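The primary structure of each chain is shown beneath.
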Amino acid sequence: MQITRSSTDTLKGPADWFTGDVYIDAVAAAPAPSRVTANLVHFMPGARTHWHRHPLGQTVFVTEGVGLCQRRGGPVEVIRPGDRVFFEADEEHWHGAAPDRLMVHLAINEASDDHAVVHWLTPVTDAEYTPTH
């Protein structure tokens, strides 16, 4: 057993990954041979990721608030606490808070020597973000 005491501060999400105010708390980053990382990501109302993809896929588990997510070419979906979203390997997508609600999720990812955790793409436009249903 290994207990890691929190010694890192909450990090502000960088503007080249996110639109709006996003804060990240590292949860898990086990040493090799583990390939899993996990972060608790706090999205303020209206905040969202840029389009991105994960070579080994990603699981998002919503813990608080109301969020939105979309895969490229699909509809914008509403997500709530307890919802689990799996994005397939290399599936382009985004996720974030609803316009008037914050959203917190646990993001679980894998990486390896041959595969980065994430490839960041372009920002999600206001037209793409605004739900139409």
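This text goes with the structure placed above it.
The structure presented is a predicted model; accordingly, all values stated were derived computationally and were not measured. (Residues numbered from 1 in each chain as written. Predicted model: local features only at pLDDT ≥ 70, side-chain atom pairs only at ≥ 80, totals over all residues. Heavy atoms only, no water.)

### A short note on the nonpolar core
Inside soluble globular proteins, nonpolar side chains tend to come together where they are buried.
Inference 1: The biggest cluster of nonpolar side chains holds 15 residues, and the ones touching the most others in it are Val22, Val41, Phe43, Ile79, Val85 and Met103.
Inference 2: Going through the elements one at a time, strand 3 (22-29), strand 4 (36-43), strand 7 (58-65), strand 10 (84-87) and strand 12 (103-110) are the ones with two or more residues in this core.
Inference 3: If we ignore the near neighbours within four places in the chain, the residues touching Val22 are Leu11, Lys12, Gly13, Val41, His42, Phe43 and Ala47.
Inference 4: Core analysis: the next-biggest nonpolar cluster, separate from the first, contains 6 residues, Trp51, Trp94, Val124 and Tyr129 among them. (Core = buried A, V, L, I, M, F, W, Y, C linked by side-chain atoms within 4.5 Å. Buried < 20%, exposed > 50% of the residue type's maximum accessible area, 1.4 Å probe, protein only. Helix = DSSP H or I, 4+ residues; strand = E, 2+ residues; numbered from the N terminus. Contact = heavy atoms within 4.5 Å.)

### Some remarks on the environment of Arg53
Inference 1: Tracing the backbone through its elements, the reader meets Arg53 in strand 6 (residues 52-53).
Inference 2: Residue Arg53 is classed as partly exposed on the basis of its relative accessible area of 24%.
Inference 3: For the pair Arg53 and Asp114, spaced 61 residues apart in the sequence, the C-alpha separation amounts to 15 Å.
Inference 4: Excluding residues that lie within four positions of it along the chain, Arg53 makes contacts with Asp90, Glu91, Glu92, His93, Val117, Val118 and His119.

### Brief notes about the pairing of strand 3
Inference 1: Of the strand pairs in this sheet, strand 1 (residues 11-12) and strand 3 are connected by 2 bridges, and their pairing is antiparallel. Paired with Leu11 across the two strands is Ile24, which belongs to strand 3.
Inference 2: Direction of pairing for strand 3 relative to strand 4: antiparallel, over a ladder of 7 bridges. Residue Val22 lies in a different strand from strand 4, and its bridge partner there is Phe43.
Inference 3: Hairpin connection, strand 3 to strand 4: the antiparallel pair is bridged by 6 residues. (Pairing = 2+ DSSP bridges.)

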